Amino acid sequence: MLKNKEIILGVTGGIAAYKTVELLRELSKRGANVHVVMTQNAQRFITPLTFQTLSGNPVLCDMFQLLEDSKIGHVALADSADLMVIAPATANILGKIANGIADDFVTTMVMATKVPVLFAPSMNVNMWESDIVQRNVERLKAHRYEFMDPAEGDLACGSVGKGRMADIEEIIEKIEDIFTTKDLTGQHVLITAGPTLEPIDPVRYITNRSTGRMGFALAKMARRRGAEVTLITGPHYLSVPRRDIPQIVVNDAREMHDAVAGCFDDCQIVIMAAAVADFRPQDVLEEKITKRKNGSYCLEMEKNPDILKELGEKKRNHILVGFAAETSELMEHAEVKLQEKKLDLIVANDVTQPGAGFGVDTNRVKILDAFGKVRTVPLLSKDEVAHIILDHVVKLVKKKEKDRPWPRNW
Ligand code: C5P
(Lines give C-alpha, C1' and ligand atoms only; values in the text may rest on other atoms or scores of the structure.)
Protein backbone atom coordinates (compact mmCIF):
# COMPACT_ATOMS: atom_id res chain seq x y z
CA MET A 1 0.00 0.00 0.00
CA LEU A 2 2.87 2.40 0.70
CA LYS A 3 4.96 1.28 -2.25
CA ASN A 4 6.34 4.28 -4.20
CA LYS A 5 4.43 6.75 -2.05
CA GLU A 6 6.25 10.05 -1.51
CA ILE A 7 6.00 10.87 2.18
CA ILE A 8 7.30 14.02 3.87
CA LEU A 9 8.26 13.35 7.46
CA GLY A 10 8.35 16.53 9.53
CA VAL A 11 10.34 16.21 12.74
CA THR A 12 9.97 18.79 15.52
CA GLY A 13 11.84 19.26 18.79
CA GLY A 14 10.50 16.63 21.18
CA ILE A 15 12.29 13.76 22.90
CA ALA A 16 10.16 11.31 20.85
CA ALA A 17 12.23 12.38 17.80
CA TYR A 18 14.39 9.29 18.35
CA LYS A 19 11.31 7.11 17.70
CA THR A 20 10.79 8.86 14.37
CA VAL A 21 13.90 7.04 13.13
CA GLU A 22 11.97 3.79 13.57
CA LEU A 23 8.96 5.30 11.81
CA LEU A 24 11.19 6.23 8.87
CA ARG A 25 12.60 2.69 8.71
CA GLU A 26 9.12 1.14 8.76
CA LEU A 27 7.91 3.47 6.00
CA SER A 28 10.99 2.72 3.87
CA LYS A 29 10.59 -1.04 4.49
CA ARG A 30 7.10 -0.76 3.00
CA GLY A 31 8.47 0.89 -0.14
CA ALA A 32 7.74 4.56 0.60
CA ASN A 33 10.21 7.27 -0.45
CA VAL A 34 10.61 9.45 2.62
CA HIS A 35 11.83 13.07 2.67
CA VAL A 36 12.66 14.38 6.12
CA VAL A 37 12.26 18.01 7.09
CA MET A 38 13.40 19.17 10.52
CA THR A 39 12.99 22.20 12.74
CA GLN A 40 16.02 23.77 14.43
CA ASN A 41 14.95 22.33 17.80
CA ALA A 42 14.56 18.81 16.36
CA GLN A 43 18.25 18.90 15.44
CA ARG A 44 19.12 19.24 19.12
CA PHE A 45 17.57 15.80 19.74
CA ILE A 46 18.75 13.94 16.66
CA THR A 47 21.05 14.76 13.76
CA PRO A 48 19.93 15.24 10.15
CA LEU A 49 22.67 12.77 9.18
CA THR A 50 20.77 9.90 10.81
CA PHE A 51 17.65 10.63 8.76
CA GLN A 52 19.66 11.32 5.62
CA THR A 53 21.50 7.99 5.87
CA LEU A 54 18.33 6.00 6.47
CA SER A 55 16.08 7.78 3.95
CA GLY A 56 18.69 8.14 1.19
CA ASN A 57 17.36 11.68 0.61
CA PRO A 58 18.76 15.07 1.65
CA VAL A 59 17.25 16.33 4.90
CA LEU A 60 15.80 19.81 4.68
CA CYS A 61 16.31 22.08 7.66
CA ASP A 62 16.87 25.51 6.24
CA MET A 63 13.99 27.64 4.97
CA PHE A 64 16.07 29.01 2.15
CA GLN A 65 17.63 25.73 1.05
CA LEU A 66 16.85 25.03 -2.61
CA LEU A 67 16.44 21.63 -4.18
CA GLU A 68 18.82 20.63 -6.99
CA ASP A 69 16.66 21.93 -9.82
CA SER A 70 16.51 25.36 -8.14
CA LYS A 71 12.79 25.20 -7.47
CA ILE A 72 11.74 26.69 -4.16
CA GLY A 73 12.39 23.73 -1.82
CA HIS A 74 9.21 23.69 0.24
CA VAL A 75 6.94 24.23 -2.74
CA ALA A 76 8.62 21.58 -4.91
CA LEU A 77 8.42 18.91 -2.22
CA ALA A 78 4.95 19.87 -1.06
CA ASP A 79 3.73 19.49 -4.65
CA SER A 80 5.25 16.10 -5.32
CA ALA A 81 4.26 14.38 -2.05
CA ASP A 82 1.37 12.02 -1.31
CA LEU A 83 1.28 12.63 2.44
CA MET A 84 2.92 14.69 5.16
CA VAL A 85 3.45 13.28 8.68
CA ILE A 86 4.60 15.46 11.59
CA ALA A 87 6.08 13.18 14.24
CA PRO A 88 6.64 14.14 16.95
CA ALA A 89 4.41 17.22 16.83
CA THR A 90 5.14 19.59 19.71
CA ALA A 91 2.66 22.02 21.30
CA ASN A 92 4.69 24.73 19.57
CA ILE A 93 4.21 23.39 16.02
CA LEU A 94 0.48 22.80 16.60
CA GLY A 95 0.13 26.35 17.91
CA LYS A 96 2.00 27.86 15.00
CA ILE A 97 0.08 26.01 12.30
CA ALA A 98 -3.29 26.56 14.00
CA ASN A 99 -2.55 30.28 13.94
CA GLY A 100 -1.12 30.55 10.47
CA ILE A 101 2.51 31.08 11.38
CA ALA A 102 4.97 29.75 8.81
CA ASP A 103 8.44 30.67 10.02
CA ASP A 104 10.45 27.50 9.41
CA PHE A 105 10.64 24.68 6.88
CA VAL A 106 8.10 22.41 8.59
CA THR A 107 5.38 25.01 9.14
CA THR A 108 5.92 26.47 5.68
CA MET A 109 5.54 23.08 4.04
CA VAL A 110 2.34 22.33 5.94
CA MET A 111 0.89 25.59 4.61
CA ALA A 112 2.20 24.91 1.11
CA THR A 113 0.88 21.38 0.74
CA LYS A 114 -2.54 20.22 -0.43
CA VAL A 115 -1.98 16.58 0.55
CA PRO A 116 -3.28 15.07 3.82
CA VAL A 117 -1.24 16.01 6.90
CA LEU A 118 -1.06 13.69 9.91
CA PHE A 119 0.10 14.94 13.32
CA ALA A 120 1.47 12.59 15.99
CA PRO A 121 1.64 14.88 19.05
CA SER A 122 4.04 14.23 21.92
CA MET A 123 4.39 16.42 25.00
CA ASN A 124 4.00 16.63 28.76
CA VAL A 125 0.52 15.58 29.99
CA ASN A 126 -0.33 19.04 31.36
CA MET A 127 0.67 20.67 28.10
CA TRP A 128 -1.47 18.19 26.14
CA GLU A 129 -4.46 18.77 28.42
CA SER A 130 -4.09 22.56 28.47
CA ASP A 131 -7.02 24.50 27.03
CA ILE A 132 -4.79 26.25 24.53
CA VAL A 133 -3.30 23.08 23.03
CA GLN A 134 -6.72 21.42 22.93
CA ARG A 135 -8.20 24.47 21.21
CA ASN A 136 -5.43 24.36 18.62
CA VAL A 137 -5.98 20.63 18.05
CA GLU A 138 -9.71 21.18 17.58
CA ARG A 139 -9.04 24.03 15.20
CA LEU A 140 -6.66 21.90 13.14
CA LYS A 141 -9.08 18.96 13.10
CA ALA A 142 -11.80 21.29 11.83
CA HIS A 143 -9.47 22.07 8.91
CA ARG A 144 -9.31 18.31 8.21
CA TYR A 145 -5.82 17.75 9.54
CA GLU A 146 -5.48 14.16 10.75
CA PHE A 147 -4.38 13.30 14.30
CA MET A 148 -2.93 10.33 16.16
CA ASP A 149 -4.05 10.60 19.76
CA PRO A 150 -1.04 10.49 22.09
CA ALA A 151 -0.74 7.32 24.18
CA GLU A 152 -0.77 7.11 27.97
CA GLY A 153 2.21 6.04 30.04
CA ASP A 154 5.50 7.19 31.56
CA LEU A 155 6.61 10.47 30.03
CA ALA A 156 10.20 11.62 29.52
CA CYS A 157 9.61 14.51 31.96
CA GLY A 158 9.01 12.01 34.79
CA SER A 159 5.22 12.35 34.98
CA VAL A 160 2.68 9.73 33.97
CA GLY A 161 -0.31 10.38 31.73
CA LYS A 162 -1.38 11.09 28.17
CA GLY A 163 1.37 12.58 26.04
CA ARG A 164 3.59 9.82 24.63
CA MET A 165 3.81 9.76 20.86
CA ALA A 166 1.50 7.03 19.51
CA ASP A 167 3.14 3.65 18.80
CA ILE A 168 4.91 3.41 15.46
CA GLU A 169 2.68 0.47 14.47
CA GLU A 170 -0.43 2.59 15.07
CA ILE A 171 0.99 5.51 13.10
CA ILE A 172 1.70 3.17 10.17
CA GLU A 173 -1.82 1.75 10.47
CA LYS A 174 -3.24 5.28 10.33
CA ILE A 175 -1.09 6.17 7.30
CA GLU A 176 -2.33 3.06 5.50
CA ASP A 177 -5.86 4.10 6.51
CA ILE A 178 -5.40 7.48 4.87
CA PHE A 179 -4.35 5.82 1.60
CA THR A 180 -7.26 3.34 1.60
CA THR A 181 -10.45 3.91 -0.39
CA LYS A 182 -13.35 3.94 2.05
CA ASP A 183 -15.62 1.64 0.05
CA LEU A 184 -17.26 0.04 3.10
CA THR A 185 -18.36 3.28 4.76
CA GLY A 186 -21.91 2.95 6.09
CA GLN A 187 -21.68 -0.84 6.39
CA HIS A 188 -21.66 -2.66 9.72
CA VAL A 189 -19.61 -5.84 9.38
CA LEU A 190 -19.77 -8.66 11.90
CA ILE A 191 -16.69 -10.86 11.81
CA THR A 192 -16.09 -14.04 13.80
CA ALA A 193 -12.60 -15.41 14.39
CA GLY A 194 -10.62 -18.05 16.19
CA PRO A 195 -11.51 -21.45 17.60
CA THR A 196 -14.15 -22.42 20.11
CA LEU A 197 -13.29 -24.35 23.27
CA GLU A 198 -15.78 -27.07 24.17
CA PRO A 199 -15.38 -28.05 27.83
CA ILE A 200 -15.09 -31.67 28.96
CA ASP A 201 -14.51 -31.11 32.67
CA PRO A 202 -13.21 -28.15 34.74
CA VAL A 203 -9.67 -28.51 33.33
CA ARG A 204 -10.04 -30.03 29.86
CA TYR A 205 -11.61 -29.00 26.58
CA ILE A 206 -11.79 -29.88 22.88
CA THR A 207 -10.64 -27.29 20.38
CA ASN A 208 -8.91 -26.90 16.99
CA ARG A 209 -5.79 -25.27 15.54
CA SER A 210 -7.36 -21.94 14.54
CA THR A 211 -5.44 -18.91 15.90
CA GLY A 212 -7.86 -16.19 14.74
CA ARG A 213 -5.38 -14.54 12.34
CA MET A 214 -7.59 -14.67 9.22
CA GLY A 215 -10.59 -13.18 11.08
CA PHE A 216 -8.42 -10.51 12.68
CA ALA A 217 -6.97 -9.55 9.28
CA LEU A 218 -10.52 -9.24 7.91
CA ALA A 219 -11.58 -7.08 10.86
CA LYS A 220 -8.58 -4.77 10.47
CA MET A 221 -9.03 -4.36 6.72
CA ALA A 222 -12.81 -3.89 6.88
CA ARG A 223 -12.32 -1.12 9.46
CA ARG A 224 -9.58 0.41 7.32
CA ARG A 225 -12.03 0.47 4.40
CA GLY A 226 -14.49 2.48 6.48
CA ALA A 227 -16.81 -0.19 7.89
CA GLU A 228 -18.07 -0.27 11.44
CA VAL A 229 -16.74 -3.62 12.64
CA THR A 230 -17.76 -5.93 15.47
CA LEU A 231 -15.38 -8.80 16.13
CA ILE A 232 -16.62 -11.89 17.94
CA THR A 233 -13.74 -14.18 18.70
CA GLY A 234 -12.94 -17.40 20.46
CA PRO A 235 -10.01 -17.41 22.91
CA HIS A 236 -6.79 -16.20 21.24
CA TYR A 237 -3.23 -15.03 21.86
CA LEU A 238 -3.17 -12.19 19.32
CA SER A 239 -2.95 -8.48 20.03
CA VAL A 240 -6.14 -6.52 19.31
CA PRO A 241 -6.32 -5.66 15.59
CA ARG A 242 -7.20 -1.99 16.27
CA ARG A 243 -8.33 0.09 19.22
CA ASP A 244 -11.49 1.11 17.35
CA ILE A 245 -12.84 -2.42 16.83
CA PRO A 246 -15.07 -3.65 19.66
CA GLN A 247 -14.21 -7.22 20.52
CA ILE A 248 -16.49 -9.78 22.16
CA VAL A 249 -14.58 -12.82 23.43
CA VAL A 250 -16.53 -16.07 23.78
CA ASN A 251 -15.50 -19.58 24.80
CA ASP A 252 -17.71 -22.18 23.19
CA ALA A 253 -19.94 -22.50 20.14
CA ARG A 254 -23.14 -21.79 22.04
CA GLU A 255 -21.70 -18.55 23.44
CA MET A 256 -20.59 -17.59 19.92
CA HIS A 257 -24.08 -18.42 18.66
CA ASP A 258 -25.70 -16.10 21.21
CA ALA A 259 -23.21 -13.29 20.62
CA VAL A 260 -23.71 -13.48 16.84
CA ALA A 261 -27.51 -13.60 17.21
CA GLY A 262 -27.35 -10.47 19.40
CA CYS A 263 -25.54 -8.48 16.68
CA PHE A 264 -27.13 -9.90 13.51
CA ASP A 265 -30.00 -7.41 13.18
CA ASP A 266 -27.65 -4.44 13.43
CA CYS A 267 -25.26 -5.48 10.68
CA GLN A 268 -25.41 -5.81 6.91
CA ILE A 269 -22.44 -8.12 6.33
CA VAL A 270 -21.43 -11.25 8.29
CA ILE A 271 -18.10 -12.97 7.72
CA MET A 272 -17.83 -16.20 9.70
CA ALA A 273 -14.09 -16.91 9.74
CA ALA A 274 -14.28 -18.69 13.11
CA ALA A 275 -13.53 -22.40 13.26
CA VAL A 276 -16.61 -23.32 15.25
CA ALA A 277 -16.57 -26.81 16.78
CA ASP A 278 -19.23 -28.97 15.14
CA PHE A 279 -19.62 -31.13 18.26
CA ARG A 280 -19.33 -30.68 22.03
CA PRO A 281 -19.13 -33.20 24.87
CA GLN A 282 -22.69 -34.09 25.82
CA ASP A 283 -22.13 -33.82 29.58
CA VAL A 284 -19.65 -31.40 31.08
CA LEU A 285 -18.42 -33.05 34.26
CA GLU A 286 -18.25 -31.00 37.43
CA GLU A 287 -15.23 -32.89 38.70
CA LYS A 288 -11.99 -33.62 36.85
CA ILE A 289 -12.09 -37.04 35.17
CA THR A 290 -9.68 -39.36 36.97
CA LYS A 291 -7.46 -42.00 35.38
CA ARG A 292 -9.29 -45.29 34.67
CA LYS A 293 -7.90 -48.60 35.73
CA ASN A 294 -8.70 -50.15 32.33
CA GLY A 295 -7.10 -47.14 30.56
CA SER A 296 -9.97 -46.19 28.24
CA TYR A 297 -12.65 -43.51 28.42
CA CYS A 298 -15.55 -42.89 26.08
CA LEU A 299 -16.73 -39.33 25.48
CA GLU A 300 -20.27 -38.90 24.17
CA MET A 301 -20.60 -35.90 21.79
CA GLU A 302 -23.59 -33.89 20.59
CA LYS A 303 -24.04 -31.42 17.78
CA ASN A 304 -23.43 -27.72 18.21
CA PRO A 305 -25.76 -25.23 16.53
CA ASP A 306 -24.64 -24.39 12.98
CA ILE A 307 -24.53 -20.62 13.44
CA LEU A 308 -24.04 -19.76 9.78
CA LYS A 309 -26.79 -22.10 8.61
CA GLU A 310 -29.21 -20.40 11.00
CA LEU A 311 -28.17 -16.99 9.67
CA GLY A 312 -28.72 -18.27 6.12
CA GLU A 313 -32.32 -19.12 7.09
CA LYS A 314 -33.11 -15.76 8.64
CA LYS A 315 -31.10 -13.37 6.45
CA ARG A 316 -32.94 -10.51 4.78
CA ASN A 317 -30.68 -8.26 2.78
CA HIS A 318 -27.54 -9.43 4.55
CA ILE A 319 -24.40 -10.56 2.78
CA LEU A 320 -23.17 -13.81 4.30
CA VAL A 321 -19.63 -15.07 3.89
CA GLY A 322 -18.49 -18.46 5.17
CA PHE A 323 -15.20 -20.30 5.29
CA ALA A 324 -14.55 -23.92 4.40
CA ALA A 325 -11.33 -25.33 5.82
CA GLU A 326 -10.93 -28.70 4.14
CA THR A 327 -8.44 -31.53 3.93
CA SER A 328 -9.89 -33.14 0.76
CA GLU A 329 -12.40 -32.49 -2.06
CA LEU A 330 -12.12 -28.76 -1.45
CA MET A 331 -14.43 -27.50 -4.18
CA GLU A 332 -17.12 -30.15 -3.71
CA HIS A 333 -17.38 -29.48 0.03
CA ALA A 334 -17.27 -25.73 -0.43
CA GLU A 335 -20.07 -25.77 -3.02
CA VAL A 336 -22.33 -27.87 -0.79
CA LYS A 337 -21.77 -25.48 2.14
CA LEU A 338 -22.37 -22.43 -0.05
CA GLN A 339 -25.78 -23.81 -1.05
CA GLU A 340 -26.85 -25.44 2.21
CA LYS A 341 -26.01 -22.37 4.30
CA LYS A 342 -27.47 -19.97 1.66
CA LEU A 343 -24.22 -17.99 1.49
CA ASP A 344 -23.27 -15.21 -0.88
CA LEU A 345 -19.59 -16.19 -0.80
CA ILE A 346 -17.52 -19.01 0.57
CA VAL A 347 -13.76 -18.90 1.06
CA ALA A 348 -12.33 -22.38 0.69
CA ASN A 349 -8.87 -23.42 1.72
CA ASP A 350 -7.06 -26.72 1.78
CA VAL A 351 -5.47 -26.65 5.23
CA THR A 352 -3.03 -29.43 4.31
CA GLN A 353 -1.21 -27.10 1.86
CA PRO A 354 2.03 -25.52 3.13
CA GLY A 355 1.54 -21.84 4.04
CA ALA A 356 -2.27 -22.10 4.09
CA GLY A 357 -4.81 -22.38 6.88
CA PHE A 358 -4.19 -22.48 10.62
CA GLY A 359 -1.38 -20.81 12.55
CA VAL A 360 0.45 -19.14 9.63
CA ASP A 361 0.48 -15.55 8.38
CA THR A 362 -0.31 -16.55 4.81
CA ASN A 363 -3.20 -18.23 3.05
CA ARG A 364 -4.05 -19.71 -0.34
CA VAL A 365 -7.79 -19.75 -1.02
CA LYS A 366 -10.55 -20.12 -3.56
CA ILE A 367 -13.48 -17.72 -3.40
CA LEU A 368 -16.78 -19.11 -4.71
CA ASP A 369 -19.90 -17.01 -5.16
CA ALA A 370 -23.57 -17.92 -5.42
CA PHE A 371 -23.51 -17.30 -9.21
CA GLY A 372 -20.98 -20.11 -9.73
CA LYS A 373 -17.92 -17.90 -10.19
CA VAL A 374 -14.64 -19.07 -8.67
CA ARG A 375 -11.56 -16.93 -8.00
CA THR A 376 -8.28 -18.63 -7.19
CA VAL A 377 -6.12 -16.55 -4.86
CA PRO A 378 -2.43 -17.52 -4.75
CA LEU A 379 -0.33 -17.73 -1.60
CA LEU A 380 -0.49 -14.24 -0.04
CA SER A 381 -0.37 -12.66 3.40
CA LYS A 382 -3.64 -12.93 5.33
CA ASP A 383 -3.94 -9.11 5.14
CA GLU A 384 -3.81 -9.30 1.33
CA VAL A 385 -6.26 -12.22 1.22
CA ALA A 386 -8.58 -10.21 3.49
CA HIS A 387 -8.50 -7.30 1.01
CA ILE A 388 -9.38 -9.60 -1.90
CA ILE A 389 -12.30 -11.14 0.03
CA LEU A 390 -13.53 -7.64 0.89
CA ASP A 391 -13.24 -6.58 -2.78
CA HIS A 392 -15.76 -9.34 -3.55
CA VAL A 393 -17.97 -8.23 -0.67
CA VAL A 394 -17.94 -4.63 -1.95
CA LYS A 395 -19.02 -5.85 -5.40
CA LEU A 396 -21.95 -7.68 -3.81
CA VAL A 397 -22.90 -4.62 -1.74
CA LYS A 398 -22.97 -2.51 -4.93
CA LYS A 399 -25.02 -5.14 -6.76
CA LYS A 400 -27.54 -5.39 -3.91
CA GLU A 401 -27.83 -1.60 -3.80
CA LYS A 402 -28.61 -1.56 -7.52
CA ASP A 403 -31.08 -4.44 -7.40
CA ARG A 404 -32.94 -3.30 -4.29
CA PRO A 405 -36.51 -2.24 -5.14
CA TRP A 406 -37.65 1.30 -4.43
CA PRO A 407 -38.23 2.53 -1.69
CA ARG A 408 -34.85 1.30 -0.51
CA ASN A 409 -35.79 0.49 3.08
CA TRP A 410 -33.48 -1.81 4.90
O1 C5P B 1 -19.83 -26.93 7.97
P2 C5P B 1 -18.52 -26.31 8.28
O3 C5P B 1 -18.21 -26.30 9.75
O4 C5P B 1 -17.35 -26.82 7.55
O5 C5P B 1 -18.72 -24.80 7.79
C6 C5P B 1 -17.75 -23.84 7.94
C7 C5P B 1 -18.38 -22.50 8.02
O8 C5P B 1 -19.52 -22.52 8.88
C9 C5P B 1 -17.44 -21.48 8.65
O10 C5P B 1 -17.72 -20.22 8.09
C11 C5P B 1 -17.80 -21.53 10.12
O12 C5P B 1 -17.50 -20.32 10.78
C13 C5P B 1 -19.31 -21.80 10.08
N14 C5P B 1 -19.80 -22.66 11.18
C15 C5P B 1 -20.80 -22.18 12.00
N16 C5P B 1 -21.29 -22.99 13.00
C17 C5P B 1 -20.80 -24.21 13.19
C18 C5P B 1 -19.82 -24.71 12.35
C19 C5P B 1 -19.31 -23.91 11.36
O20 C5P B 1 -21.22 -21.06 11.82
N21 C5P B 1 -21.31 -24.95 14.18
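Here the structure is a predicted model, which means the values were calculated and not measured.

**Here's the deal with the nonpolar core**
Counting residues in each nonpolar core, the largest one holds 35 residues, and the members touching the most others are Ile191, Leu218, Ile269, Ile271, Phe323 and Ile389. Broken down by secondary-structure element, the contributors of at least two residues to this core are strand 8 (188–193), helix 10 (213–224), strand 11 (228–233), strand 13 (269–272), strand 16 (319–326), strand 17 (345–350), strand 18 (362–369) and helix 14 (382–403). Element by element, the count of residues in this core is highest for helix 14, at nine residues. Those residues in contact with Ile191 that sit more than four places away from it in its chain are Gly215, Leu218, Ala219, Ala222, Val229, Thr230, Leu231, Ile232 and Ile271. Ala42, Phe51, Met148 and Ile168 belong to the second-largest nonpolar core, a separate cluster that totals 31 residues.

**Considering the domain arrangement of the chain**
Each assigned domain of the chain is listed here: domain 1 (6–178) and domain 2 (188–288 + 296–401). For domain 1 and domain 2, the distance between their C-alpha centres works out to 40 Å. Across the boundary between the two partners, domain 1 contributes five residues, which contact four residues of domain 2. Of the roughly 490 Å² buried between domain 1 and domain 2, counting both surfaces, carbon and sulfur atoms make up 23%. When residues of domain 1 are sorted by the area they lose upon contact with domain 2, Glu170, Glu173 and Asp177 head the list and together hold 72% of the total.

**Digging into the packing of helix 10 against helix 14**
Between helix 10 and helix 14, whose axes approach to 8 Å, the crossing angle comes to 60 degrees. Taken together, the axes of helix 10 and helix 14 are oblique relative to one another. Along this stretch, helix 10 crosses helix 14, giving a crossing that reads as right-handed. Across from Arg213, Met214, Ala217, Leu218, Lys220, Met221, Ala222 and Arg224 in helix 10, the residues of helix 14 making contact are Lys382, Asp383, Val385, Ala386, His387, Ile389 and Leu390. For the contact of helix 10 with helix 14, the per-class residue count stands at nine nonpolar, one polar and five charged.

**Comments concerning the sheet that holds strand 2 (residues 33–38)**
Two strands in a sheet stick together by hydrogen bonds in their backbones, pointing the same way (parallel) or opposite ways (antiparallel). Overall, parallel pairing links the five strands, which are arranged 2-1-3-4-5 in an open sheet. The open sheet terminates on both sides in strands that have one partner only, identified here as strand 2 and strand 5 (146–147). Pairing of strand 1 (residues 6–11) with strand 3 (residues 83–89), which is carried by four bridges, proceeds in the parallel orientation. Note that in strand 3 the partner of Ile7 across the bridge is Leu83.

**Comments concerning the site of the ligand**
Taken together, the neighbourhood of the ligand is formed by 13 residues, with Met272, Ala274, Pro305, Phe323 and Lys337 sitting nearest. Between the ligand and Ala274 there is a distance of 2.6 Å, counted from an oxygen atom to a backbone nitrogen or oxygen. Contacts to the ligand include Ile307, whose backbone N or O atom sits 3.1 Å from a nitrogen atom. In the complex, 89% of the free accessible area of the ligand, which totals 450 Å², lies under the protein chains. Because more than half of its atoms lie within 2 Å of the grid, the ligand is assigned to the second largest pocket. Elements represented by at least two residues in the shell around the ligand include exactly helix 12 (307–314) and strand 16. Among the residues making up the shell around the ligand, the classes are represented as eight nonpolar, one polar and four charged.

**A look at the sheet that holds strand 19 (residues 374–381)**
Pairing is mixed in the open sheet, where eight strands are placed in the order 12-11-8-13-16-17-18-19. Each edge of the sheet is formed by a strand with only one pairing partner; in this case those strands are strand 12 (247–249) and strand 19. Shown here is a sheet whose adjacent strand axes are inclined to one another by a mean of 15 degrees, direction ignored. Pairing analysis gives six bridges linking strand 8 to strand 11, with the strands arranged parallel. Within the sheet, the bridge partner assigned to Val189 lies in strand 11 and is Val229.

Thresholds, definitions, all that
Residues numbered from 1 in each chain as written. Predicted model: local features only at pLDDT ≥ 70, side-chain atom pairs only at ≥ 80, totals over all residues. Heavy atoms only, no water. Core = buried A, V, L, I, M, F, W, Y, C linked by side-chain atoms within 4.5 Å. Buried < 20%, exposed > 50% of the residue type's maximum accessible area, 1.4 Å probe, protein only. Helix = DSSP H or I, 4+ residues; strand = E, 2+ residues; numbered from the N terminus. Contact = heavy atoms within 4.5 Å. Domains from an automatic or database assignment. Buried area = accessible area lost by both parts, 1.4 Å probe. Axes fitted to C-alpha atoms, helices over the stretch in contact; angles between N-to-C directions. Parallel < 35°, antiparallel > 145°, perpendicular 65-115°, else oblique. Left-handed = near helix turned anticlockwise from the far one by under 90°. Nonpolar A, V, L, I, M, F, W, Y, C, P; charged D, E, K, R; others polar. Pairing = 2+ DSSP bridges. Near = heavy atom within 4 Å. Polar contact = N/O pair within 3.5 Å; in protein donor to acceptor, adjacent residues only side chain to side chain. Areas by Shrake-Rupley, 256 points an atom, 1.4 Å probe, with all protein chains shown as cover. 1 Å grid on protein atoms, 1.4 Å probe; cavity = no way out; pocket = protein on both sides within 12 Å on 5 of 7 lines; lining within 4 Å. Sits in = over half its atoms within 2 Å of the grid points.

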